[in-house]
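Examining the three-dimensional arrangement
One-letter residues, chain by chain:
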Amino acid sequence: MRRFGPLRALLTTLAFLCAAMTVTAPQARADVVTPSTAPPLRTVTYNICGSGGTAGCDVTASGNTRRYDAIVNETSATGWNTDQIFLVEICKYQFDDLDQRLPASYVGHYASTLKPAAAGLCVNPANPSDTDNRDYGMALFVRGTKVDDATLTLHRPGDLPPVSPGVPQTEAIKAPCLKTYVQNRLNWACAVHLFWGTPGAGPMEEEARRLTDQTRQWESEGIPVVLGGDFNANPLTAPLSYFYDTSINNNATGTFVEADETDREHFAGNPTVDCGLRDRCRTGESTFVSDKGERKKLDFLFFSSRFFSGAVGDAFTEVRSLSDHGRYRGAAYWADCLHPYTAAPGSVFRRDATGGLYRYDGRPSGDTAALEKPCKVGYGWQGMTHVARQGTTVAAVDAAGTLWHYPAAAADGSYSGSTRKQAGTGFQDDDALLTPGDFDGDGTADLITRESTTGTFWLHKGTGAHSYAPRARIVEPGAEWRIYPYLVATDFARGTGAAQGTADIVAIDELGSLWLQEGNGDGTLAERRRIGNGWQVYDALAAPGDLNGDGNADLIGREDGGDLYYYKGDGAGGYAPRVKVGSNFPAGELLF
């Protein structure tokens, strides 16, 4: 968007007050990207028009509250559930207000481009006398753990064309950036606002070059980059050629895919480029609406093409009194996660404190096991009391005691409430849910639960893909099941006994002894035997399957400090010395 001169906005605001109150109807979109269908990494960019320097943008307390609510709503676990928020034309007091309103899991970074803002701009309606906090600039928020931040200066005011003859430019062009672990992966993200002059002339190309020189450096270090903001130019202009990756043609020289470049709804009718039958094109949905109703695509979300795949985008037209730009959402897959999930090699699943579900696949080397980078495979799981994996299906019990089966999506192994199947009720009194596979030898997968008040073990024989017979008690040979804080079902002694291929129970007791009870193949268990000591250091036990590809089931333990340890199983109930394979797995998070 073309920016304000120091006094221009104040002189024109009154003329637009009546028109500004008109509600603009949302554009019809055939390509709506919904939370239930979008890829896992979610982003949103929004030029909030927050200074009071653009005619028609309401920066009263009421107007700001509406902006804040719109941004906070983007973080809702039942909505877009965004990971990254890019904000343009934002005052420092607005950044501080948002920092207080957003969930504590978000970290922010602000860059002042004008300090203080011109007279009459960035005045906090809640504290008009506050003259020390009237900076104007750019910001971003990221849900994750902060590693570093940077503010890239793309142009200093003295290097920019004057506002008018004899009136020098006073605002710098900067990009605030955050280096974080987002979805447990290292990532740089930057908010962008290129100069508002004529595209292809003046400083815009130089700013694009300087910014992409830095992003190429980060990418060369193996760090993915996401850029979001108001680029003040349409997709086919020379400055944008620095961002689009070379495979899209049209003189592109960059390393990024853009969220809306695959939206075929906007391929046709472009007089300057023939999109033809391409899968990607330098077009997209409009994100800006002028006071005269002119629509343009000026806002972009770029993802490093080397690290991301399947990007999609969707733009929203705001109420004109809030901003002349709409919120623009984008999402993408981590490229190494966009593949079917087959349960081989084994995997460790993790539910974090925000309800995100992550899968860490093993590496089938045969000798050692490390974990691949995590793939986010679900969100909104904080309401589940128990979660376990049965092959590629996830079984979960909600707070009401209803049992659900979640099939893995074919494309990326993710799990969605839109595809789940109800598999039972009445599980609210259980404190353990185990998925042993076919435990009784009839060819159908079963469940095992432990009743919380009595410690009784129950077998739920499978009668179909999503159904079970009434529960039957499993007799405890040798010990009560309530003595085990942590227990799993896994074929840990597959090479021994008469029921090879039947799941066994592995459990840690209150003193830290590790016990094995082999399955007999008929729904019963053999006598327990001790297979280890010193396991009291762990606050979670997981059965990931065969992590290293040697054909034997392995175990994972988590220490209360968050370190993750791998035990390579030998197929006979024994295991090799532990190997550390992860850290920063906080206590209290579900591991399975």
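See the structure above.
Thresholds, definitions, all that
Residues numbered from 1 in each chain as written. Predicted model: local features only at pLDDT ≥ 70, side-chain atom pairs only at ≥ 80, totals over all residues. Heavy atoms only, no water. Helix = DSSP H or I, 4+ residues; strand = E, 2+ residues; numbered from the N terminus. Polar contact = N/O pair within 3.5 Å; in protein donor to acceptor, adjacent residues only side chain to side chain. Contact = heavy atoms within 4.5 Å. Core = buried A, V, L, I, M, F, W, Y, C linked by side-chain atoms within 4.5 Å. Buried < 20%, exposed > 50% of the residue type's maximum accessible area, 1.4 Å probe, protein only. Domains from an automatic or database assignment. Pairing = 2+ DSSP bridges. Axes fitted to C-alpha atoms, helices over the stretch in contact; angles between N-to-C directions. Phe/Tyr/Trp six-rings, centres within 6.5 Å; stacked < 30°, edge-to-face > 60°. Disulfide = S-S within 2.5 Å.

So, on to the side chain of Thr45. Tracing the backbone shows Thr45 in strand S1 (residues 41-47). Side-chain polar atoms of Thr45 contact the backbone nitrogen of Gly229, separated by 3.2 Å. Not counting residues up to four positions away in its chain, the partners in contact with Thr45 are Phe86, Gly228, Gly229, Asp299, Phe300, Leu301, Gly326, Arg327 and Tyr328.

This part is about the nonpolar core. Core analysis: the biggest nonpolar cluster contains 37 residues, and Phe303, Phe308, Trp381, Tyr406 and Tyr415 have the highest contact counts within it. The residue makeup of this core includes at least three contributed by each of domain 1 (41-334) and domain 2 (348-591). Here Tyr415 is in contact with Tyr341, Phe349, Leu357, Val377, Gly378, Trp381, Thr392, Thr393, Val394, Tyr406, Pro407 and Ala408, once residues within four sequence places are set aside.

What follows covers unusual backbone geometry. The residue after Lys115, namely Pro116, is reached through a cis peptide bond having omega -10 degrees. Note that Pro116 resides in the loop between strand S3 (106-114) and strand S4 (136-143). Note that the residue after Ala344, namely Pro345, is joined by a cis bond; omega there is 5 degrees. Relative to the elements of secondary structure, Pro345 occurs in the loop between strand S14 (328-334) and strand S15 (347-351). Residue Asn232 is not a glycine yet carries a positive backbone phi of 55 degrees. Even without glycine at this site, Ala343 takes up a positive phi of about 70 degrees. Among the secondary structure elements, Ala343 is positioned in the loop between S14 and S15.

Right, let's get into the sheet that holds strand S20 (residues 403-406). Within the open sheet, the four strands sit side by side as S18-S19-S20-S21. Their pairing is antiparallel. The open sheet has two free edges, formed respectively by strand S18 (384-390) and strand S21 (421-424), since each of these has just one partner strand. Put simply, the sheet's adjacent strands are angled 30 degrees from each other on average, direction ignored. Summarising the sheet, S18 and strand S19 (residues 393-398) pair through six bridges and their orientation is antiparallel. Directly across from Arg389, in S19, lies its bridge partner Val394.

Okay, the packing of aromatic side chains next. Within the structure shown, the criterion is met by 26 aromatic pairs. With 5.6 Å between their ring centres and 80 degrees between their planes, Trp535 and Tyr575 make a pair best called edge-to-face. In this pair, Trp535 sits in the loop between strand S31 (529-532) and strand S32 (538-545) while Tyr575 sits in the loop between strand S34 (564-567) and strand S35 (579-582), placing the two residues 40 residues apart along the sequence. Assessed through its relative accessible area of 2%, Trp535 is described here as buried. Residue classification places Tyr575 among the partly exposed positions, given a relative accessible area of 25%. Where Tyr538 meets Tyr567, the ring centres are 6.1 Å apart and the plane angle is 85 degrees; that geometry is what we call edge-to-face.

On to the state of the cysteines, then. Under the counting rule described, the total for this entry stands at five disulfides. The disulfide bridge from Cys49 ends at Cys57, spanning 1.9 Å between sulfur atoms. Because the sign of the S-S torsion sets the handedness, a value of about 90 degrees for the bond joining Cys49 and Cys57 places this disulfide among the right-handed ones. Overall, the relative accessible area of 8% leaves Cys57 in the buried class. Disulfide partner of Cys337: Cys375, at an S-S distance of 1.9 Å. For the disulfide bridge between Cys337 and Cys375, the dihedral angle about the S-S bond is near -90 degrees, and by the sign convention the bridge is left-handed. Here Cys337, found in the loop between S14 and S15, pairs with Cys375, found in strand S17 (residues 375-378); they are 38 residues apart in sequence, far enough to count as distant. Owing to a relative accessible area of 6%, Cys337 belongs among the buried residues under this scheme. By relative accessible area, which is 5% here, Cys375 ends up buried.

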